[in-house]
Amino acid sequence: MLEITLDFKSEKENPLYLQLASFLKQEMGAGNIPAGEKLPSKRNLAIHLGVSVNTIQAAFNQLVAEGYVRSEQRKGFYVQEVEELIGDSVPSSQTPKKEKNLQYKIDFNSGHVDLQQFPYSVWRKLSVKSLYLDGSELFYNGNPQGEPCLREQIAQYLFQSRGVRCSADQILLGAGTQVLTGLLCMVIGREKTYALESPGFHRTRVALQDQGVDVELIPVEEEGLSVKELASSKAEVVFVTPSHQFPYGMVMPISRRMELLNWAGEQHNYIVEDDYDSEYRYKGKPIPSLHGLDSNGRVIYMGTFSKSLIPSIRISYLVLPSSLLEKYRTNFSLYKQTVSRLHQDTLFRFMSNGHWATHLNKMRTLYRKKQARLLAEIQEDLGECVTIIGEKSGLHIILNVQNGMSENELIASASRNGVKVYPTSVYYGGERERTEPEVLLGFGGLSELEIEEGIRLLKESWGL
């Protein structure tokens, strides 16, 4: 509800409805009430401000008359799309122009998680312990690879859940996948040629390009990255997502995995296995890691806590084979650790006390229910006009939409209805073959009711 202070003492000279109208115009001009936003109901606003409904109606009528809002029968009052809204008391020369900031009712962002289920009280208590019980030691710079106690916990977890056999000494922590990708480029060498899946994670592609290395894009087939295309390229390092290909979600079968491992072993090349959301699998048995199949020390395992905990914690990790670990320690251990020691210590306590396992089990159940609701709503409302891709695991799906619209048109029409969906074209580095357009829908940060409303609005937006 809007925070408005009305001056009842000056009501005779400056009627309350004009005060309210003036305030709303200033808020619109400042961009605090964006175009398309629905104003509060007359009754609720009247109760909130302690005035009559007639006063609210008069203020809204004034705004309609001046063209600031429009009235929609039986729906309410909505802010008009005006190039520049200026309040009565604000000269145009003093009104800063603001970027257009669309407000969405439903945001299908694949990077969002369910923050309401995060164990805030537990995390707060453990953070306090990290801050006070260890005195001031954590205020100094720590081990450049990360806190040994946390690396021990990660090593145990990876062996139990993913079949990754490693010691804590092989683990290197960093503030996100892109930071670790940059460091990995320096350790392996910028003179190497790096390969990426196409489509694939665009942030990794940008991180590699910013390092100035040669990048080759390898097409993805039904069984994952084409090893045949990889073998015919100049690549000496390849980034893959074998357990849940991003963004299409296919799982690389064992035969393709062995082909990939043979390519690395025979050519003395490296594979970077990005296992970004292996915790969330809804159909079939857990997929063992590529790292667990490697007997030649050619796989670099990469993981993150962004999906399984909270994105802003910025804790990711690499498991380096012995050949690269020695090179890192000789040439690059001068680089300081990029993750807060306090956060590392809190996460160590969170994992060692059993909260991590409890949280993961809870979130698996929650996300499984959300995904089931999403698939059911799509089937009911969108029917045969769409094809669902990548529904076996993860926190997103892809929709192939067959209604004659382009990708841009699908996104724009959804946006006009207050729903944000995401393009898949950004994950292709070059020209993409002409196919039916696809959009990406993340569901982790939405409630089941929001998922239902979002799909309903997409049906309306896309004329399905």
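Read on for an overview of the structure. Not measured: the values here are computed from a predicted model.

1. Regarding the pairing of strand β16 (residues 438-442)
With five of five residues buried, β16 is to be regarded as a mostly interior element. The two faces of β16 match: Glu438, Leu440 and Gly442 on one face and Val439 and Leu441 on the other face are all buried. Bridging between strand β13 (residues 396-401) and β16 involves five bridges; their strand directions are antiparallel. Paired with His396 across the two strands is Gly442, which belongs to β16. As defined by bridge partners, strand β15 (residues 422-423) adjoins β16 across two bridges and the pair is classed as antiparallel. In the strand pairing of β16, Pro423 is matched with Val439.

2. Here's the deal with the nonpolar core
Phe108, Phe305, Leu309 and Leu399 are the most contacted members of the largest nonpolar core, which totals 56 residues. Looking at this core element by element, the count peaks at seven residues for helix α12 (residues 355-381). Excluding anything up to four places from it in sequence, Phe305 contacts Ile154, Ile310, Ile313, Ile315, Tyr317, Leu347, Met351 and Trp356. The next biggest cluster of nonpolar side chains, apart from the first, holds 24 residues, and it includes Ile300, Leu318, Leu320 and Tyr328.

3. Points about a nonpolar patch on the surface
Where nonpolar side chains cluster on the molecular surface, the patch consists of Val128, Leu131, Tyr132 and Phe139 and spans about 420 Å² of accessible area. Looking at the secondary structure, you find Phe139 in the loop between α4 (120-132) and α5 (148-162). Exposure remark for Phe139: the relative accessible area of 54% places this residue in the exposed category.

4. Brief notes about the pattern of salt bridges
For the coordinates displayed, the defined rule picks out 11 salt bridges. The partner of Arg373 in a salt bridge is Glu448, and the shortest N-O contact between them spans 3.0 Å. Of this pair, Arg373 sits in helix α12 while Glu448 sits in helix α14 (residues 448-462); the two residues are 75 residues apart in sequence, bridging distant segments of the chain. Each of Arg373, Glu377, Glu448 and Glu452 takes part in one network of salt bridges that share partners.

Each value, and the rule that gives it
Residues numbered from 1 in each chain as written. Predicted model: local features only at pLDDT ≥ 70, side-chain atom pairs only at ≥ 80, totals over all residues. Heavy atoms only, no water. Buried < 20%, exposed > 50% of the residue type's maximum accessible area, 1.4 Å probe, protein only. Helix = DSSP H or I, 4+ residues; strand = E, 2+ residues; numbered from the N terminus. Pairing = 2+ DSSP bridges. Core = buried A, V, L, I, M, F, W, Y, C linked by side-chain atoms within 4.5 Å. Contact = heavy atoms within 4.5 Å. Patch = residues over 30% accessible without salt bridge, like charges linked within 9 Å, V, L, I, M, F, W, Y side chains within 5 Å. Areas by Shrake-Rupley, 256 points an atom, 1.4 Å probe, with all protein chains shown as cover. Salt bridge = Lys/Arg side-chain N within 4 Å of Asp/Glu carboxyl O.

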